[in-house]
Amino acid sequence: MDAREYLATAAANRRIVELAKYDETDQCVGRGRALVIDPQQRIAVMLEHCGFPGITLVRAGNLVQYVQGTGAEWRIAGDPVDIQWEGP
């Protein structure tokens, strides 16, 4: 399976989700799509920036945790984590 097939399968299995980022006043400040990598722990890697990254601080490639918001919406919880490999 190549990368394109992997993403198509992930999309078909509802592992690509839209996540929303809310500020401290409960206002939505951005949305972006993410690939769920651990549905039990609700961890995903962002596939695109969430709104304006200068405001949301959520960029493509960040790991984020998400929680159920109101209705069917998923919300980013806490701060994003940059993925950096320092090696062994």
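All values reported here derive from a predicted model rather than from experimental measurement.

Draft legend 1. The overall build of the protein, seen in detail. Helix and strand counts for the protein stand at two helices and five strands. Its helices and strands in sequence order give the protein the pattern α-β-β-β-α-β-β, from N to C terminus. In terms of overall size, the protein behaves like a compact globule, its C-alpha atoms giving a radius of gyration of 13 Å where 88 residues would be expected to give roughly 12 Å. In terms of overall dimensions, the protein has C-alpha extents of about 45 × 35 × 25 Å along its principal axes. Every one of the 88 residues in the protein was classed for burial, and the buried ones make up 28%. Here the protein has roughly 6,100 Å² of accessible surface; of this, 52% comes from carbon and sulfur atoms.

Draft legend 2. Fine view of the pattern of salt bridges. With the rule as written, the count across this model stands at three salt bridges. Between Arg31 and Glu73 there is a salt bridge; the shortest N-O distance is 2.7 Å. Separated by 42 residues along the polypeptide, Arg31 in strand E2 (residues 28-38) and Glu73 in the loop between strand E4 (63-68) and strand E5 (74-81) bring together distant segments of the chain. With relative accessibility at 17%, the residue Glu73 sits in the buried group.

The rules behind these values
Numbering of residues starts from 1 in each chain and follows the order in which that chain's sequence is written. Owing to the predicted nature of the model, reporting of local features is limited to residues with pLDDT of at least 70; listing and counting of side-chain atom pairs is limited to 80 or more, with chain, interface and lining totals taken over all residues. The side-chain quantities take in all heavy atoms of the structure and omit both hydrogens and water. Comment: elements are numbered from the N terminus, with helices defined as DSSP H or I runs of at least four residues and strands as E runs of at least two. For a compact globule the rule gives 2.2 Å times the number of residues to the power 0.38, and the radius of gyration it is set against comes from C-alpha atoms. Burial classes follow relative accessibility: with a 1.4 Å probe on protein chains only, a residue under 20% of its type's maximum area counts as buried, one over 50% as exposed, and anything between as partly exposed. Computed by Shrake-Rupley with a 1.4 Å probe, the accessible areas treat only the displayed protein chains as cover when residues are assessed. When a carboxyl oxygen of Asp or Glu lies within 4 Å of a side-chain nitrogen of Lys or Arg, that pair is called a salt bridge.

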